[in-house]
Amino acid sequence: GWFGATYLSRLVFGSDHYAHYFKLVAAAFMFSPPAELGFCYIRALNRSYTYLFASIGRLALSITLTVLFVVFWRLGVTGVLWSGVLSAAAVTVATTIFCLSHIRFRVRFGIRLLGSFIRYSAPLGVSSLGVFIINYGDRFFLQRYVSLADIGIYALAYKAGMLITYL
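Residues numbered from 1 in each chain as written. Predicted model: local features only at pLDDT ≥ 70, side-chain atom pairs only at ≥ 80, totals over all residues. Heavy atoms only, no water.

Chemist: Just checking my understanding: could you explain the overall build of the chain for this structure?
Modeler: Tallying secondary structure elements over the chain gives eight helices and zero strands in all. C-alpha atoms of the chain, sized along the principal axes, occupy 55 × 35 × 25 Å. Here the contacts in the chain between residues at least 6 apart in sequence split such that 50% fall between residues at least 24 apart. For the chain, the separation between the mean place of its 14 positive charges and that of its 4 negative charges on side chains is 19 Å. (Helix = DSSP H or I, 4+ residues; strand = E, 2+ residues; numbered from the N terminus. Contact = heavy atoms within 4.5 Å. Lys, Arg positive; Asp, Glu negative; His and termini not counted. Charge placed at Lys NZ, Arg CZ, Asp CG, Glu CD.)

Chemist: Would you mind showing me how to read unusual backbone geometry here?
Modeler: As a rule of thumb, non-glycine residues mostly have phi less than zero, and peptide bonds are mostly trans rather than cis. The phi dihedral of N46 falls on the positive side, at around 60°, and the residue is not glycine. In this fold, N46 is placed in the loop between α3 (32-44) and α4 (48-72). When its relative accessible area of 65% is taken as the criterion, N46 is described as exposed. Phi at R74 takes a positive value of approximately 55°, unusual for a residue other than glycine. Given the relative accessible area of 69%, R74 is considered exposed. (Buried < 20%, exposed > 50% of the residue type's maximum accessible area, 1.4 Å probe, protein only.)

Chemist: So what exactly am I meant to see when it comes to the nonpolar core here?
Modeler: Within soluble globular proteins, side chains that are nonpolar generally end up buried alongside one another. Within the largest apolar cluster, six residues are counted, these being Y21, L24, A27, A28, L81 and V85. In terms of residue count, helix α2 (residues 19-30) provides more of this core than any other element does, four residues in total. Beyond its immediate chain neighbours, meaning those up to four positions away, L81 contacts Y21, L24 and V25. (Core = buried A, V, L, I, M, F, W, Y, C linked by side-chain atoms within 4.5 Å.)

Chemist: Is there a simple way to think about the state of the cysteines in this case?
Modeler: As used here, a disulfide is simply a covalent bond connecting the sulfur atoms of two cysteines. Under the definition given, this model contains zero disulfides. Free cysteine: C40, not disulfide-bonded; nearest cysteine sulfur from C99 at 9.5 Å. Classification of C40 as partly exposed rests on a relative accessible area of 40%. The buried category is assigned to C99, whose relative accessible area is 12%. (Disulfide = S-S within 2.5 Å.)

Chemist: What should I look at first to understand the packing of α3 against α4 in this one?
Modeler: Two measures define how a pair of helices packs: the angle their axes make with one another and the distance between the axes. Relative to each other, α3 and α4 sit at 150°, their axes nearing to 9 Å. One element, α3, and the other, α4, form an angle in the roughly antiparallel class. Between α3 and α4, the residues in contact are E36, F39, I42 and R43 and T50, Y51, A54, S55 and R58, respectively. (Axes fitted to C-alpha atoms, helices over the stretch in contact; angles between N-to-C directions. Parallel < 35°, antiparallel > 145°, perpendicular 65-115°, else oblique.)

Chemist: When you look at the packing of aromatic side chains in this model, what are you seeing that I'm missing?
Modeler: Across all of its chains, the model carries six aromatic pairs by this definition. An angle of 50° between the planes, with centres 4.8 Å apart, marks the rings of F13 and Y18 as tilted. For Y18, a relative accessible area of 22% puts it in the partly exposed group. (Phe/Tyr/Trp six-rings, centres within 6.5 Å; stacked < 30°, edge-to-face > 60°.)

Structure follows, in structure tokens:
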């Protein structure tokens, strides 16, 4: 995503002007796997209050940073994306510290173990990519028929509609 930002900007928006947005999205996405790993570990430990606290903390941090960057510092879209990067990074650090404080390390690495891990996790990776395309692919087609402002309103309404998943 980072290295293909210019190409993606041309593909989606027809201009190189938005490449820095794709770089920020890629930076935020980089923190997603370790943060989700931490959340999965918390669920595996059956620590529901810890999971709830971390989830609400992530949401509160994201909202706070978005309001700070957009309303007070007037960064617009860049502020929204930076709030995503910073909140994802903070959650990654917090869940990593939690996980590392609860596990003992035992070094055991082998190419067969890596292969087993990849075979086990590949279906989840493919399905996650499919869900991403289903949730965000429509913007690729919409940008050919409506303005970016209309897509922004649509994306905001879509996010509001997806709030039910948090409840």
